[in-house]
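Close look at the chain arrangement
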Amino acid sequence: MQLVHRPENGSSTVLATTVDFADSVLSQLRGLMFRRSIPDDYALAFRFGSVETQDVHMLFVFFPIDVVWLVDGTVQRVERLRPWLGFERGEADTIIELPAGTADDVEPGDRLLFVGSDAADE
């Protein structure tokens, strides 16, 4: 599975070639906590049943990350969060966590798509 960035203007790029889904309550609560690092080509995705205010905290996360809030695959917000102290919230039905710097070119209005055999293409 890949995470593909489709900007409003420009060509598509692959942001991650390994995508994990936090698909249980426990995995959503844990997120990236207690990991010492993640690979450069990695994304952790949180899918929710509806659009609601979703919080992201960095407690027990030891490295900076980029966080993208999506509604129906369209980017609503992009933030870089610092280890331990970061906290942000935004409206989303999906949140993507990426290594810091991966989402530098991602902007609100762009689309992020999951492409591959593990989930339906969006």
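The coordinates are above.
These figures come from a predicted structure and were not determined experimentally. Residue numbers restart at each chain and count upward from 1, following the sequence in its written direction. Only residues with pLDDT of at least 70 are given local features in this predicted model, and only at 80 or more are side-chain atom pairs given and counted; all residues enter the totals for whole chains, interfaces and linings. Where side-chain values are given, they derive from all heavy atoms of the structure, hydrogens and water being excluded.

Regarding the overall build of the chain
By definition, any uninterrupted DSSP run of H or I lasting at least four residues is a helix, any uninterrupted run of E lasting at least two residues is a strand, and each is numbered from the N terminus. When its secondary structure is counted, the chain shows one helix and eight strands. Order of helices (α) and strands (β) in the chain, N terminus to C terminus: β-β-β-α-β-β-β-β-β. Radius of gyration here uses only the C-alpha atoms, and the compact-globule reference equals 2.2 Å multiplied by the residue count raised to the power 0.38. Relative to the 2.2 N^0.38 estimate, which gives 14 Å for 122 residues, the radius of gyration of the chain is 13 Å and therefore close to what a compact globule would have. Taken along its principal axes, the extent of the C-alpha atoms in the chain is 35 × 30 × 25 Å. Buried residues in the chain amount to 43% of all 122 residues. Sequence-distant contacts in the chain: of pairs separated by 6 or more residues, those separated by 24 or more amount to 64%. With the model as given, the accessible surface of the chain reaches about 6,500 Å², and the carbon-plus-sulfur share is 49%. Charge counting treats Lys and Arg as positive and Asp and Glu as negative, with His and both chain ends excluded. To locate a charge, take atom NZ for lysine, CZ for arginine, CG for aspartate or CD for glutamate. When the 10 basic and 21 acidic side-chain charges of the chain are each reduced to a single mean position, those positions are 6 Å apart. Here's how the labels work: a residue is buried when its accessible area is under 20% of the maximum for its type, exposed when over 50%, partly exposed in between, all with a 1.4 Å probe on protein chains only. By definition, residues are in contact when any of their heavy atoms lie within 4.5 Å. Values of accessible area rely on a 1.4 Å probe in the Shrake-Rupley scheme; residue burial ignores everything except the protein chains shown.

Considerations on the layout of surface pockets
Each pocket or cavity is described by its volume, and for the largest pocket that value is around 320 Å³. Any residue with an atom within 4 Å of a point lines the site, the site being either a cavity, points on a 1 Å grid over the protein atoms alone where a 1.4 Å probe fits but cannot get out, or a pocket, an open set with protein on both sides within 12 Å along at least 5 of 7 lines. For the largest pocket, the lining is made up of 17 residues, of which Gln28, Leu29, Phe46, Asp55 and His57 are closest to its centre. When residues of the lining of the largest pocket are traced back to their parent elements, those giving at least two are helix 1 (25-30), strand 4 (42-57) and strand 7 (87-99). Here the element with the most residues in the lining of the largest pocket is strand 4; it accounts for five residues. Polarity classes work like this: nonpolar for Ala, Val, Leu, Ile, Met, Phe, Trp, Tyr, Cys and Pro, charged for Asp, Glu, Lys and Arg, and polar for all others, with Gly in that last group. Partitioning the lining of the largest pocket into residue classes produces eleven nonpolar, three polar and three charged. Grid points are joined across faces, edges and corners, and a volume is the space filled by probe spheres set on the points.

So, a nonpolar patch on the surface
Only residues above 30% relative accessible area that lack a salt bridge enter a patch, with like-charged residues linked at up to 9 Å and the nonpolar side chains Val, Leu, Ile, Met, Phe, Trp and Tyr linked at up to 5 Å. Within this document, salt bridges are pairs made up of a side-chain nitrogen of Lys or Arg and a carboxyl oxygen of Asp or Glu, the two lying within 4 Å of each other. Among the surface-exposed residues, Phe34, Leu59, Phe60, Trp84 and Leu85 lie close enough to one another that they form a single nonpolar patch of about 510 Å² accessible area. Mapping phenylalanine 60 onto the fold places it in the loop between strand 4 and strand 5 (65-71).

Concerning the pairing of strand 6 (residues 74-81)
A strand pair is defined by DSSP finding two or more bridges across the two strands. Across seven bridges, the pairing between strand 5 and strand 6 is antiparallel. Within strand 6, the residue paired with leucine 70 across the bridge is valine 75. Two successive antiparallel strands, strand 5 and strand 6, enclose a turn made up of two residues, where aspartate 72 displays a positive phi of approximately 50°.

Looking at the environment of aspartate 41
Along the chain, the position of aspartate 41 falls in the loop between helix 1 and strand 4. For the pair formed by aspartate 41 and alanine 92, sequence separation is 51 residues and the distance between their alpha carbons is 23 Å. Residue contacts for aspartate 41: discarding those within four places in its chain leaves Leu15, Ala16, Thr17 and Thr18. Here a polar contact is taken to be a pair of N or O atoms separated by no more than 3.5 Å, where protein atoms must pair a possible hydrogen donor with a possible acceptor and residues adjacent in sequence count only if both atoms sit in side chains. One polar contact links aspartate 41 to threonine 17, side chain to side chain, over a distance of 2.6 Å.

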